[in-house]
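# Observations on the model geometry
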Amino acid sequence: MATEERLAIDYYKTLGVSRSADASEIKKAYRKLARKHHPDVNPGNAEAEKKFKEIQEAYAVLSDKEKRKQYDTFGTVDGDPTAGFDPFRRARSRGPQQDPEGFRVDFDGAGGFQDLGDLFGQFFGGARPGRTRPAPRRGADHEVAVEIDFVDAVRGTTISLPVQRQLRCSSCDGTGMSGRGQCPSCHGAGVVISTERMRVKIPEGVADGNRVRVAGKGAEGSQGGTPGDLFVRVTVRPHGFFERDGDNIHTTIPVTFSEAYLGGEVEIGTIHGPVRAKLPQGTNSGRVFRLRGKGVRNTKTRAHGDHLYTVEIVVPKVVSPAGEETARRIGELYQGNPREKLPRTL
Ligand SMILES: [Zn+2]
């Protein structure tokens with residue numbers, strides 16, 4: 001089984017900037033998106049919350065010179081992409097009033113918090129004195145993309161792929177705090193991003209563009225909320241011979257003139273193995289035959305589709321005197337011109 005694996009995280013796309021964007025463009029894009037998607041501005045909106053987390057992660061990587069370089073080169077970042085990303089320190093060391101050009105985020109009219117300390121405290125479930133504990137939140141869903149071979153899609157397979165998961169930091173139990181300082185494991189974030197190799201069962205009959213759900217393998221929930229799900233988006237590499245149309249398979253079967261004229265048995269290759277099929281006498285090129293139940297198994301109904309094959313009469317390339325004579329005789333078998341009844345123009 002040759003399975004290409006890649007993670008679907010495009011941090012540039014997440015922030016809506018080009019790959020050549022400079023630090024200030026990235027910062028600007030991040031601040032704009034963080035304002036729009038912050039949970040305080042979108043209470044109870046799981047989609048916004050998910051988006052917000054993605055934005056944080058993207059910014060954590062792209063705002064860090066080293067991480068960005070690593071990401072640009074390898075398409076991924078070792079370990080925790082948010083490690084060392086410390087909005088608390090920055091927010092603490094500068095008062096929100098002191099540095100209008102700095103890292104302050106204003107949520108026009110939305111209220112709720114004044115600086116990134118608040119923003120991240122909220123987001124990561126950090127324990128801030130005087131704040132009431134937020135309600136349980138379900139973890140975000142994650143999606144990864146894989147490309148698999150046609151045969152693996154048709155028969156089903158198990159793939160192993162690296163999946164980045166956001167987990168509650170076990171050192172500080174998600175508080176982001178250690179004693180009076182910030183937790184050294186998660187740098188105050190309360191969460192860590194871990195990359196796990198995960199085995200995912202791809203069901204028999206999966207089709208190009210399908211998403212396979214792995215329950216509970218998305219981000220961990222906060223405040224006791226349930227975890228999100230992992231979705232594996234499957235791209236299926238096309239096969240050179242078997243063509244898939246829903247649960248049906250199509251092939252083209254070349255036959256000789258004598259096979260088509262006399263009829264007989266031909267072997268038809270199907271995804272379930274070869275099948276011997278009767279070719280009726282006088283079969284025309286282009287005629288389609290159906291082998292019931294020889295198609296792909298439907299992932300939901302578990303019923304098999306059909307195999308449809310189109311007969312194509314092939315003509316020998318080499319012209320010999322004996323062949324010419326035979327062909328002339330064959331020509332005499334036709335009663336008249338086969339194009340006689342066709343319209344000659346519009
Ligand atoms: Zn921690």
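Refer to the structure printed above.
What comes next concerns the included structure.

Definitions and limits used
Residues numbered from 1 in each chain as written. Predicted model: local features only at pLDDT ≥ 70, side-chain atom pairs only at ≥ 80, totals over all residues. Heavy atoms only, no water. Helix = DSSP H or I, 4+ residues; strand = E, 2+ residues; numbered from the N terminus. Contact = heavy atoms within 4.5 Å. Phe/Tyr/Trp six-rings, centres within 6.5 Å; stacked < 30°, edge-to-face > 60°. Buried < 20%, exposed > 50% of the residue type's maximum accessible area, 1.4 Å probe, protein only. Lys NZ or Arg CZ within 6 Å of the ring centre and 35° of its normal. Salt bridge = Lys/Arg side-chain N within 4 Å of Asp/Glu carboxyl O. Core = buried A, V, L, I, M, F, W, Y, C linked by side-chain atoms within 4.5 Å. Pairing = 2+ DSSP bridges. Axes fitted to C-alpha atoms, helices over the stretch in contact; angles between N-to-C directions. Donors = N, O, S within 2.8 Å, 3.2 Å for Na, K, Ca; no water. Tetrahedral: all angles 85-135°; square planar, octahedral: opposite > 155°, others 65-115°. Parallel < 35°, antiparallel > 145°, perpendicular 65-115°, else oblique. Left-handed = near helix turned anticlockwise from the far one by under 90°. Polar contact = N/O pair within 3.5 Å; in protein donor to acceptor, adjacent residues only side chain to side chain.

### Some details on the overall build of the protein
Each helix and strand in the protein was counted, giving nine helices and 14 strands. Across the protein, the fraction of contacts at a sequence separation of at least 24, relative to all contacts at a separation of at least 6, is 62%.

### Some remarks on the packing of aromatic side chains
How two aromatic rings sit relative to each other is set out by the distance from centre to centre and by the angle between their planes. Scanning the entire structure with this criterion turns up four aromatic pairs. Summarising the aromatic geometry, the rings of Tyr 30 and Tyr 59 are spaced 4.0 Å apart at their centres and angled 10 degrees between planes, so their arrangement reads as stacked. Of this pair, Tyr 30 sits in helix α2 (residues 23–37) while Tyr 59 sits in helix α3 (residues 46–62), placing them 29 residues apart in sequence. Judged on exposure class, the residue Tyr 30 and its partner Tyr 59 are both buried. Stacked on the ring of Phe 231, the Lys or Arg Arg 211 has its end atom at 4.0 Å from the ring centre.

### With respect to the pattern of salt bridges
Under the counting rule described, the total for this entry stands at 17 salt bridges. Its salt-bridge partner being Arg 165, residue Glu 196 comes within 3.7 Å of it at the nearest N-O pair. Pair noted here: Glu 196 is in strand β6 (residues 191–202) and Arg 165 is in strand β3 (residues 157–168), with a separation of 31 residues, a long-range link. With relative accessibility at 25%, the residue Glu 196 sits in the partly exposed group.

### Re the nonpolar core
Ranked by size, the top nonpolar core spans 23 residues in total, and within it Ile 148, Ile 159, Val 200, Ile 202, Val 232 and Val 234 carry the most contacts. Of all elements in the fold, only β2 (142–148), α7 (150–155), β3, β6, β7 (211–214) and β8 (230–236) reach the threshold of two or more residues within this core. Broken down by element, this core gets its largest block of residues, four residues, from β8. Counting residues in each nonpolar core, the second largest holds 18 residues, with Ala 34, Ile 55, Ala 58 and Val 77 among its members.

### Topic: the pairing of β8
Of all seven residues in β8, five are buried; the element is thus mostly enclosed. In terms of strand pairing, β2 meets β8 through seven bridges, oriented parallel. The residue of β8 that forms the bridge with His 142 is Leu 230. Pairing analysis gives four bridges linking β7 to β8, with the strands arranged antiparallel. Across the sheet, Val 214 pairs through a bridge with Leu 230, a residue of β8.

### So, the sheet that holds strand β14 (residues 307–313)
Reading across from one edge, β9-β10-β14-β13 is the order of the four strands in this open sheet, with mixed pairing throughout. Strand pairing shows two members of the sheet lacking a second neighbour, β9 (243–245) and β13 (288–291), which therefore form its edges. The mean angle between the axes of side-by-side strands here comes to 30 degrees, regardless of whether they run parallel or antiparallel. As paired strands, strand β10 (residues 248–255) and β14 are joined by seven bridges and run parallel to one another. Pairing of His 250 across the sheet is with Leu 308, part of β14.

### Brief notes about the coordination of the zinc ion
Geometrically, a metal with four donors at the corners of a regular tetrahedron has ideal angles of 109.5 degrees, and one with six donors at the corners of a regular octahedron has ideal angles of 90 or 180 degrees. The coordination sphere of the zinc ion, as far as protein atoms go, consists of Cys 169 (SG), Cys 172 (SG), Cys 183 (SG) and Cys 186 (SG), spread over 2.2 to 2.3 Å. With four donor atoms in place around the zinc ion and angles of 104 to 113 degrees between them, the coordination shape is tetrahedral. All donors of the zinc ion belong to a single chain; written as a sequence motif, their spacing is C-x2-C-x10-C-x2-C. For the residue pair Cys 183 and Cys 186, the accessibility class agrees, reading buried in each case.

### Some words on the packing of α2 against α3
The contact between α2 and α3 brings their axes to 9 Å, and the two run at 160 degrees. Here α2 lies roughly antiparallel to α3, going by the angle between them. In terms of crossing hand, the pair formed by α2 and α3 is left-handed. Contact with α2, carried on its side by Ile 26, Lys 27, Tyr 30, Leu 33, Ala 34 and His 37, involves Ala 48, Lys 51, Phe 52, Ile 55, Gln 56, Tyr 59 and Leu 62 of α3 and no other residues of that element.

### Considerations on the side chain of Arg 68
With respect to the helices, strands and loops of the structure, Arg 68 is situated in helix α4 (residues 65–74). From its side chain, Arg 68 meets the backbone oxygen of Ala 21 in a polar contact 2.8 Å long. In contact with Arg 68, not counting residues within four places along its chain, are Tyr 12, Arg 19, Ser 20, Ala 21, Ile 26, Val 61 and Leu 62.

### Re the pairing of strand β11 (residues 264–270)
As defined by bridge partners, β11 adjoins strand β12 (residues 273–279) across seven bridges and the pair is classed as antiparallel. For Gly 269, the partnering residue across the bridge sits in β12 and is Pro 274. Counted along the chain from β11 to the antiparallel partner β12, the turn is two residues long.

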